[in-house]
Amino acid sequence: MATRARLSQGRCQPCSPPPLPSPSLRVPPSFVSAAPLTGMAAKRGTKTSMKNMEKELLCPVCQEMYKQPLVLPCTHNVCQACAREVLGQQGYVGHGGDPSSEPTSPASTPSTRSPRLSRRTLPKPDRLDRLLKSACQGDVELGERGLAGLFRNLTLERVVERYRQSVSVGGAILCQLCKPPPLEATKGCTECRATFCNECFKLFHPWGTQKAQHEPTLPTLSFRPKGLMCPDHKEEVTHYCKTCQRLVCQLCRVRRTHSGHKITPVLSAYQALKDKLTKSLTYILGNQDTVQTQICELEETVRHTEVSGQQAKEEVSQLVRGLGAVLEEKRASLLQAIEECQQERLARLSAQIQEHRSLLDGSGLVGYAQEVLKETDQPCFVQAAKQLHNRIARATEALQMFRPAASSSFRHCQLDVGREMKLLTELNFLRVPEAPVIDTQRTFAYDQIFLCWRLPPHSPPAWHYTIEFRRTDVPAQPGPTRWQRREEVRGTSALLENPDTGSVYVLRVRGCNKAGYGEYSEDVHLHTPPAPVLHFFLDGRWGTSRERLAISKDQRAVRSVPGLPLLLAAERLLTGCHLSVDVVLGDVAVTQGRSYWACAVDPASYLVKVGVGLESKLQESFQGAPDVISPRYDPDSGHDSGAEDATVEASPPFAFLTIGMGKILLGAGASSNAGLTGRDGPAASCTVPLPPRLGICLDYERGRVSFLDAVSFRGLLECPLDCSGPVCPAFCFIGGGAVQLQEPVGTKPERKVTIGGFAKLD
């Protein structure tokens, strides 16, 4: 069962059932620095450039110049002999077939082979194991055929040969057909696979024979085939499989293995790769000053790294010494306390011992008492015995109630250092703060931009933050992206003042502590309102029914409480009862320019109308209650819908958006950006979900009002408005409902950062 080799990194997967375990090579770390294809270096034919690229021509295993290098599936190279030895050390036998073995030449005797090859020593097993343990992120799978399925890197061989000739590595190449002593070779023959001096070449290529047709080459010790042959079919490769990134022959092309793959002629692949390589090389050669500048910068970085590393070592040593000094001071203090306690206890025990010794027969207090008992003079005895009796009584009590005057235990002096030991065990270098998480629920743009963020739960603390922001709707300037920046922001929120209207800002935050700056947060994009924000309060002086409408103390919220009157009127609704519409106005009238404000409508509201109208017309509406049951009344149009006989179409004095039960009603014939018009004409009335906030944009000069989703700024409805006089914000209620005006960001007690006031740029 023949199965193609499985290439690393998922390039070419087997199309047949899984094969038996195949040999694998671990690529040494130096493979990363060695160029997989070194034809680029061959373009620089000067001796100076050749001498400077020797490290590119060294095998990472034997650390000598490549000899018959093989291209591994990971695109790196290794000597064929080294690859065989690696597989032998790993226990694979029979997988070391030569992909393009050299046939034995009569002139190829051991004495005439490369002196450098004869001196070559393969790595020892222990060194080999170290070399193979770190790889190109994993093992390199060779497949069932092992080395026999790999291509020889003939380009690399030619580069090595030119390098040998330029620097005279290995001495002169001698003629392999001369009698001893051989002369220096001047020609080589690929067909004969031998090197010749001039006389021997003429001798072995006589005129008029087939050998005379052999083309002489430069003398070499490694004869290569004229072209690459397919390892599977031993035919010349003619195409390149882009899917597998592998050269293939005609037979490979028609096999099932490459079915559906992108295959191109090798000439096309050659030209494409050559153009890319030439372009890249031209760019590098044309920017040598940049390369040299970067080298100088890296060298300077190396010097700074050495200095900074030494300083860091000294700082750590000093801090640890400081900890040691504190511990030593604490140790001395604790030992002093133990010593004082010990001396005080010893003194008390010594005094107790002396007291007990005085109770011994014939000594101390007992001996004195025995002598006093010998006194016969009664008055004198009474005088002396009275004081003595008290002492004897205390001694008798101490004898009967004996206990040491001090404890011998020092358990109260034990230390619990578990917490301290844990802290010392966990003592490590301070880490920079993790990327902050922007709170998108609390971050928004209104009259100003309010930005709020937090650190992840297990992030190191941040001493302060840096905020960066920029507009994304301006033409891109050449060079790096220019960010406005505010540094050393305290707290976890900030206020950005004076943003441009109708713009999109992108913002990001990063924290900083003693260890340095952390990663940036994810970018957050905020749309600013399309016009300057209009600040106003709800005016309770006009049209407010205290029985049904309640305005908050800050005059930014109103709630309709219909109560008993509406409940009692519900029975008469079917008989044509008239219900009044409760209206609340803003305390500011607009007479010019463009204005924007936003509000939130309670989704449980029965019927609420949000919009604007002529101040005079709105005040007139307070004089009489409109008929909300009559089909002739249309508050959204601003006029009686039954006045079909009007000859001149005028802009309505009112423009309202109707909201009820969590839906928005879009009437027929209204201009909407929500795509609600039908194919054959204006759309019929329909509903859309109520967004969290509604935005109203008034263009006084144009006489237009736009209703928007204040979160996404998606247009909901646009309609005309009579702007012949002052225009006021208005809110109408029928039944229960509530409206909350958007609070200006400027009222929040947060740190203020003015956009446009910074000169510091990236």
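As the structure is a computational prediction, the values presented were derived from the model and not from experiment. (Residues numbered from 1 in each chain as written. Predicted model: local features only at pLDDT ≥ 70, side-chain atom pairs only at ≥ 80, totals over all residues. Heavy atoms only, no water.)

**Brief notes about the overall build of the chain**
Within the chain, the secondary structure is distributed over 15 helices and 35 strands. For the chain, the share of sequence-separated contacts (at least 6 apart) that also reach a separation of at least 24 residues comes to 68%. For the chain, the exposed surface amounts to about 45800 Å²; the carbon and sulfur share of it is 55%. (Helix = DSSP H or I, 4+ residues; strand = E, 2+ residues; numbered from the N terminus. Contact = heavy atoms within 4.5 Å. Areas by Shrake-Rupley, 256 points an atom, 1.4 Å probe, with all protein chains shown as cover.)

**Quick notes on the packing of helix H11 (residues 364-373) against helix H12 (residues 378-400)**
Contact pair H11 / H12: the axes reach a minimum separation of 11 Å and the direction vectors enclose 150°. By the angle between their axes, H11 is roughly antiparallel relative to H12. Note that H11 runs across H12; the crossing there is left-handed. Only Phe381, Ala384, Leu388, Arg391, Ile392 and Ala395 of H12 make contact with H11, whose side of the interface consists of Leu365, Tyr368, Ala369, Val372 and Leu373. Looking at the contact of H11 with H12, its residues break down into 10 nonpolar, no polar and one charged. (Axes fitted to C-alpha atoms, helices over the stretch in contact; angles between N-to-C directions. Parallel < 35°, antiparallel > 145°, perpendicular 65-115°, else oblique. Left-handed = near helix turned anticlockwise from the far one by under 90°. Nonpolar A, V, L, I, M, F, W, Y, C, P; charged D, E, K, R; others polar.)

**Looking at the environment of alanine 172**
Structurally, the position occupied by alanine 172 is in the loop between helix H6 (154-167) and strand E6 (187-189). As a C-alpha pair, alanine 172 and leucine 183 span 11 residues in sequence and 9.6 Å in three-dimensional space.

**A closer look at the sheet that holds strand E5 (residues 151-152)**
Within a sheet, adjacent strands bond to each other through the backbone by hydrogen bonds, running parallel or antiparallel. Taken together, the three strands give an open sheet; going across it, the order is E3-E2-E5, and neighbouring strands pair in antiparallel fashion. Looking at which strands have only one partner, the edges of the open sheet turn out to be strand E3 (77-79) and E5. The sheet contact formed by strand E2 (residues 69-71) and E3 spans three bridges and is antiparallel. Bridge pairing in E3 links valine 71 to asparagine 77. Against the sheet, helix H3 (residues 80-89) contacts E2, E3 and E5, and its axis sits at roughly 85° relative to E3. (Pairing = 2+ DSSP bridges.)

**Focus: the confidence of the model for the chain**
Looking at the chain, the pLDDT average stands at 76 and 72% of residues meet or exceed 70. Confidence drops under a pLDDT of 50 for residues 625-648, and excluding neighbours within four residues, the segment shows 34 contacts in the predicted structure. Counting interchain partners and residues more than four positions distant, the pLDDT-below-50 stretch residues 669-683 has 21 contacts. (pLDDT = per-residue confidence, 0-100.)

**Quick notes on the packing of aromatic side chains**
Scanning the model with the defined rule gives eight aromatic pairs in all. Between phenylalanine 196 and phenylalanine 201, the aromatic rings sit 5.8 Å apart at their centres with planes inclined by 75°, giving edge-to-face as the arrangement. Considered together, phenylalanine 196 and phenylalanine 201 belong to a single accessibility category, that of buried residues. Counting every residue linked through ring pairs, the aromatic cluster contains Phe196, Phe201 and Phe204. It is arginine 508 that lies over the ring of tryptophan 483; its NZ or CZ is 3.9 Å from the centre. One Lys or Arg, arginine 508, reaches over the ring of tyrosine 520 and ends 3.8 Å from the middle of that ring. (Phe/Tyr/Trp six-rings, centres within 6.5 Å; stacked < 30°, edge-to-face > 60°. Buried < 20%, exposed > 50% of the residue type's maximum accessible area, 1.4 Å probe, protein only. Lys NZ or Arg CZ within 6 Å of the ring centre and 35° of its normal.)

**As for the side chain of threonine 264**
Here threonine 264 shows up in strand E11 (residues 263-265). Threonine 264 sits in the buried class, given a relative accessible area of 12%. Apart from residues no more than four positions distant in its own chain, threonine 264 is found in contact with His239, Tyr240, Lys242 and Ala269.

**Points about the sheet that holds strand E24 (residues 582-586)**
With respect to topology, seven strands assemble into an open sheet ordered E21-E24-E33-E26-E27-E28-E29, the strand pairing being antiparallel. Across the chains shown, the open sheet's two edge strands, defined by having one partner strand only, are strand E21 (538-539) and strand E29 (686-689). Direction of pairing for strand E28 (residues 663-666) relative to E29: antiparallel, over a ladder of four bridges. Within the sheet, the bridge partner assigned to isoleucine 664 lies in E29 and is valine 688.

**Some thoughts on H3**
All of the buried residues in H3 are Gln80, Cys82, Ala83, Val86 and Leu87. The buried side chains of H3 occupy one side of the element, clustering within an arc of 160° when seen end-on. (Arc of directions from axis to C-beta.)

**Thoughts on the pattern of salt bridges**
Scanning all chains against the criterion turns up 13 salt bridges. One salt bridge connects arginine 303 with glutamate 300, and the closest N-O pair in it is separated by 2.3 Å. Highlighted residues: arginine 303 and glutamate 300, both in helix H10 (residues 288-357), separated by three residues, approximately one helical turn. Looking at glutamate 300, the relative accessible area reads 32%, which means it is partly exposed. Glutamate 468 serves as the salt-bridge partner of arginine 508, at 2.7 Å between the closest nitrogen and oxygen. Of this pair, arginine 508 sits in strand E18 (residues 504-513) while glutamate 468 sits in strand E15 (residues 464-471); the two residues are 40 residues apart in sequence, bridging distant segments of the chain. (Salt bridge = Lys/Arg side-chain N within 4 Å of Asp/Glu carboxyl O.)

**Comments concerning unusual backbone geometry**
Omega for the bond connecting proline 180 with proline 181 falls within 30 degrees of zero, at -5°, which places this linkage in the cis form. Here proline 181 shows up in the loop between H6 and E6. Of note, glutamine 245 is a non-glycine position whose phi angle comes to about 55°, a positive value. Residue glutamine 245 is classed as partly exposed on the basis of its relative accessible area, which comes to 44%. Residue glutamine 555 is not a glycine yet carries a positive backbone phi of 60°.

**A word on the pairing of strand E33 (residues 727-733)**
Counting buried positions along E33 gives seven out of seven residues, so the element sits mostly inside the fold. Residue alternation in E33 divides its side chains into two sets, Val727, Pro729, Phe731 and Phe733 and Cys728, Ala730 and Cys732, and both sets are buried.

**A closer look at the pairing of E28**
Of the two faces of E28, only one is covered, namely that formed by Ile664 and Leu666; the face formed by Lys663 and Leu665 stays uncovered. Pairing of strand E27 (residues 654-660) with E28, which is carried by three bridges, proceeds in the antiparallel orientation. Of the residues in E28, the one forming a bridge with glycine 660 is lysine 663.

**Comments concerning a nonpolar patch on the surface**
On the surface, Leu323, Leu327, Leu415, Val417, Met421, Leu424 and Leu427 cluster together into a nonpolar patch covering about 670 Å² of accessible area. If you list the elements that add at least two residues to the nonpolar patch, you get H10 and helix H13 (418-425). Mapped onto the secondary structure, leucine 415 falls in the loop between H12 and H13. (Patch = residues over 30% accessible without salt bridge, like charges linked within 9 Å, V, L, I, M, F, W, Y side chains within 5 Å.)

**A short note on the nonpolar core**
Grouped together as the largest cluster of nonpolar side chains are 51 residues, with contacts concentrated most on Tyr596, Ile664, Leu694 and Phe731. Filtering out sequence-adjacent residues up to four positions away, leucine 694 remains in contact with Trp597, Ala598, Cys599, Val601, Leu657, Ile659, Ile664, Leu708, Ala710 and Leu716. Met53, Leu70, Cys79 and Leu87 belong to the second-largest nonpolar core, a separate cluster that totals 22 residues. (Core = buried A, V, L, I, M, F, W, Y, C linked by side-chain atoms within 4.5 Å.)

**A word on the state of the cysteines**
In total, this model carries zero disulfides according to the counting rule given. Note on cysteine 249: no disulfide assigned, nearest cysteine sulfur contributed by cysteine 252 at a separation of 3.6 Å. Note on cysteine 252: no disulfide assigned, nearest cysteine sulfur contributed by cysteine 230 at a separation of 3.5 Å. (Disulfide = S-S within 2.5 Å.)

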